[in-house]
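Structural features, examined
As a plain string of letters, each chain reads:
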Amino acid sequence: MKPYTILRIVFAIFAVIALSDFVSFAYSSKTGICFDDAFMFTRYASNFLEGHGFSWNRTEGPVYGCTSIFYLFIVTAFRAFSWKSDQELLLSLSEFFGLLSVLSMCFLAYYSLEKDGVKRTWTHLLIFPVVLFSAVYRKNCVSGMETTFAIFLNSLFILSIVFLERSNSKKCFFSVILGYFSFLSRPENLIPWFVFPIFYLSDLKEKKKFIFSSLLLLTCDSLIKIAYFGGFLPLSFFVKKAGFYKFADLNKWNPLKFFSEFLSLSGPFILLTVAFFPSNGVKKGLAFFAPLSIIFPYLFSINQIMGYSARFFLPSLPYFIGAAFFVLNSLNRPVVNKESVAAENLPISIKVMLIFFLFLMIQPSYLNERLTEILENQHFSFENSLIAPAKLTNRGKIIVPKIGWMESIVSINNVISALPKKMCVAMSEHGLIGAMNPEIKILDLTGLHNRDFAKKGFSDNGLFSANPDLIWFPHSDYIYIRNQIFSNQMFRRDYIFYPDLFDFGFAINKNSPYLAEIENLFESEFRKIYHESRKMELFLAD
């Protein structure tokens, strides 16, 4: 058997093993829990299907609270025709697009090599084990978020531009649409939508036609969003630039930590690009990195709350893969005959395989641990909160044990689900609760789904003017918001406050028509969760 045939078989075996293992992983994860934030998509979808538009609260009209508009459309479509639960729906979508993304990136690599000989050793199949075995990638596949969807659309967009450059038809309409779809999946994809074709396309006339068509489409998109949502920027843009109102424990959301996770996946492609970068391909090589040189500094300038597993960096993965295989393509000589080309490409393929697997061996212990440890205390453009958290104790001076973040969400959901649907509740951890109770008005304390708080900052007077029946206090890291509520005279006068229960504390409006019902439900949930024989009133604020 010839050496390059053996190499093909080896690459194919690795690909099949990785694919099979990922399918098994995806199937077993159906009982898992996706991001709490992911459930916001199903709340918006439910309200839309009930005839209230893409609204967070049905009485407030449409709001641009979901960053990924296109993913919201997909979730809404499946919500309309699917019998699955919200959790199953979200997990299925992120896993499906996770697999589709790998297939599209593999085809992008294959197509990049299509006219030359490296593809004959099937080097592109190494993408399967590198990506599908990655813990970072797998976590995003079970997040329920739009990350894998954005990766998929970015892959298709890059592929369309590469095809446009090679095509004799010179019709850019399809590429413009895919660039627009990519932008709708993640707003920061606006940058590569315009920048990548400028560097990659060599035909000046085609380049101008692409930019003009894209600008026209972007203008129409902005006008539609302004007319429908009242603005063309998602509310998360304002909130994250504001640093979530002096959010504490910024080290937890350090962008360098998430970037090191991203490097653990993109590293082999970066090494390939650096190792084999051709001197005669600088312009086209820069096409892959020019947009990222704008996006990455922006990502380092915002508070990456909920940026687990590099989910804000990960949509750029196809650009690193595209660059790596563009470099490999540039190493090839014109095809003379199949046998000679395959023989010439054999050393290159072996080098590629060694780089990939050497990186896989060293990255878990070095990048994810060492780099994170060294850079853990670095900050970028954030003022770390030095505000002392207000300390309020209960009457009995009882130390209340923590029940856990997701456990507290489930407990509060049990209470809210049993309450009248005309209730108004204020909280921050509202993904699952909001999806399970789409009729109930939820005042988002963080501003992600509240125009006033997003654009003007949190206002305790704005909160109490809404007269919420129940306040489940925001996460303890939101020191500024919590302190503002504690110090408000209306809060001290009109609310019954339990400072430590259900991890973050909750308060009931004394004037609520549902006061007795709320207290009874909390009393029942309190006994079930804490197994307490003492009365709940001992846990009231002192």
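Re the overall build of the protein chain
- Tallying secondary structure elements over the protein chain gives 24 helices and 5 strands in all.
- Per-residue burial for the protein chain yields a buried fraction of 58% across its 542 residues.
- Considering only contacts within the protein chain whose residues lie at least 6 apart along the sequence, 76% involve residues at least 24 apart.
- Of the roughly 22900 Å² of accessible surface on the protein chain, a fraction of 63% belongs to carbon and sulfur atoms.

As for a nonpolar patch on the surface
- On the surface, I9, I13, I17 and F133 cluster together into a nonpolar patch covering about 350 Å² of accessible area.
- Position of I13 relative to the elements: it lies in helix 1 (residues 3-28).
- By relative accessible area, I13 is classed as partly exposed at 46%.

Considerations on the nonpolar core
- In terms of nonpolar packing, the biggest core is built from 160 residues, with L463, L501, F506 and F522 touching the most fellow members.
- Beyond its immediate chain neighbours, meaning those up to four positions away, F522 contacts I412, V415, L470, F502, F506, I508 and M536.

Re the pairing of strand 4 (residues 495-498)
- The side-chain alternation of strand 4 yields two buried faces, one formed by Y495 and F497 and the other by I496 and Y498.
- Bridge analysis of strand 4 against strand 5 (residues 506-509) gives 4 bridges, and the strand direction is antiparallel. Residue F497 lies in a different strand from strand 5, and its bridge partner there is A507.

Brief notes about the packing of aromatic side chains
- Within the structure shown, the criterion is met by 58 aromatic pairs.
- Seen in terms of ring centroids, F97 and F149 are 4.7 Å apart; in terms of plane orientation they differ by 65 degrees. Their pairing is edge-to-face. Pair noted here: F97 is in helix 4 (residues 86-112) and F149 is in helix 7 (residues 147-166), with a separation of 52 residues, a long-range link. Across the pair, F149 and F97 agree in class, each one buried.
- One aromatic cluster is present, formed by F41, F70, Y71, F96, F97, F149, F152, Y180, F181, F183, W193 and F194 through successive ring pairs.
- Geometry around W56 places R43 over its ring, the cationic atom sitting 4.5 Å from the centre.
- The lysine or arginine in question, R166, covers the ring of Y111, its NZ or CZ lying 4.6 Å from the ring centre.

Notes on the side chain of T147
- Structurally, the position occupied by T147 is in helix 7.
- According to the relative accessible area criterion, T147 is buried, its value standing at 1%.
- Setting aside chain neighbours within four positions, we find T147 in contact with N140, R311, L314 and P315.

Brief notes about the sheet that holds strand 3 (residues 470-472)
- With mixed pairing, 5 strands are arranged side by side in an open sheet as 2-1-3-5-4. Because the sheet does not close on itself, it has two edges, and the strands there are strand 2 (441-444) and strand 4. Sheet twist, expressed as the average angle between the axes of neighbouring strands with direction ignored, equals 20 degrees.

What about the confidence of the model for the protein chain?
- For the protein chain, the mean per-residue pLDDT works out to 83, and 82% of the residues sit at or above 70.
- The low-confidence segment residues 333-344 (pLDDT under 50) makes 14 contacts with residues lying over four places distant or belonging to another chain.
- Confidence drops under a pLDDT of 50 for residues 377-386, and excluding neighbours within four residues, the segment shows 24 contacts in the predicted structure.

Focus: the packing of helix 18 (residues 405-417) against helix 24 (residues 515-530)
- At a closest axis distance of 9 Å, the pairing of helix 18 and helix 24 adopts a crossing angle of 150 degrees. Taken together, the axes of helix 18 and helix 24 are roughly antiparallel relative to one another. Where helix 18 crosses over helix 24, the two elements pack in a sense that is right-handed. Every residue of helix 24 that contacts helix 18 at S411, I412, N414 and V415 is listed here: L521, F522, E525, K528 and I529.
- Residue composition of the contact of helix 18 with helix 24, by class: 5 nonpolar, 2 polar and 2 charged.

Points about helix 18
- End to end, helix 18 covers 18 Å across 13 residues, agreeing with the expected 18 Å (1.5 Å per residue, within 8%).
- Looking only at helix 18, the buried set comprises M406, S408, I409, S411, I412, N413, V415 and I416.
- Turning to helix 18, the residues buried within the fold contact strand 1 (424-427), helix 19 (431-436), strand 3 and helix 24.

A closer look at helix 15 (residues 292-301)
- Along helix 15, the residues that are buried comprise L292, I295, F296, L299 and F300. Around the axis of helix 15, the buried residues are gathered within 135 degrees of arc, so they sit on the same side.

Comments concerning the pattern of salt bridges
- Scanning the model with the defined rule gives 11 salt bridges in all.
- Residues R138 and D21 are paired through a salt bridge, measuring 2.4 Å at the closest nitrogen-oxygen approach. Linking R138 in helix 6 (residues 135-141) with D21 in helix 1, this pair joins segments that are 117 residues apart in sequence.
- Judged by its relative accessible area of 14%, R138 falls in the buried class.

Points about the environment of S46
- By the element assignment, S46 lies in helix 2 (residues 39-49).
- With 392 residues separating them along the chain, S46 and P438 place their C-alpha atoms 6.9 Å apart.
- Setting aside residues no more than four positions away along its own chain, S46 makes contact with R58, R79 and P438.

Observations regarding the environment of D203
- Residue placement: D203 occurs in the loop between helix 9 (190-200) and helix 10 (204-229).
- Within the structure, the side chain of D203 is placed 3.0 Å from the backbone nitrogen of K205, a separation counted as a polar contact.

A closer look at the environment of F41
- Along the chain, F41 turns up in helix 2.
- For F41, a relative accessible area of 0% translates into the label buried.
- For F41 and G65, which are 24 residues apart along the polypeptide, the C-alpha to C-alpha distance reads 9.3 Å.
- Setting aside chain neighbours within four positions, we find F41 in contact with C66, S68, Y71, L72, V75, M145 and E146.

As for unusual backbone geometry
- Here the phi dihedral of N467 falls at roughly 50 degrees; this positive angle occurs in a residue that is not glycine.
- The class of N467 is partly exposed, set by a relative accessible area of 46%.
- Despite not being glycine, D503 shows a phi value in the positive range, around 70 degrees.
- Among the secondary structure elements, D503 is positioned in the loop between strand 4 and strand 5.
- The class for D503 is buried, based on a relative accessible area of 8%.

Definitions and limits used
- Residues numbered from 1 in each chain as written.
- Predicted model: local features only at pLDDT ≥ 70, side-chain atom pairs only at ≥ 80, totals over all residues.
- Heavy atoms only, no water.
- Helix = DSSP H or I, 4+ residues; strand = E, 2+ residues; numbered from the N terminus.
- Buried < 20%, exposed > 50% of the residue type's maximum accessible area, 1.4 Å probe, protein only.
- Contact = heavy atoms within 4.5 Å.
- Areas by Shrake-Rupley, 256 points an atom, 1.4 Å probe, with all protein chains shown as cover.
- Patch = residues over 30% accessible without salt bridge, like charges linked within 9 Å, V, L, I, M, F, W, Y side chains within 5 Å.
- Salt bridge = Lys/Arg side-chain N within 4 Å of Asp/Glu carboxyl O.
- Core = buried A, V, L, I, M, F, W, Y, C linked by side-chain atoms within 4.5 Å.
- Pairing = 2+ DSSP bridges.
- Phe/Tyr/Trp six-rings, centres within 6.5 Å; stacked < 30°, edge-to-face > 60°.
- Lys NZ or Arg CZ within 6 Å of the ring centre and 35° of its normal.
- Axes fitted to C-alpha atoms, helices over the stretch in contact; angles between N-to-C directions.
- pLDDT = per-residue confidence, 0-100.
- Parallel < 35°, antiparallel > 145°, perpendicular 65-115°, else oblique.
- Left-handed = near helix turned anticlockwise from the far one by under 90°.
- Nonpolar A, V, L, I, M, F, W, Y, C, P; charged D, E, K, R; others polar.
- Expected span 1.5 Å × (residues − 1).
- Arc of directions from axis to C-beta.
- Polar contact = N/O pair within 3.5 Å; in protein donor to acceptor, adjacent residues only side chain to side chain.

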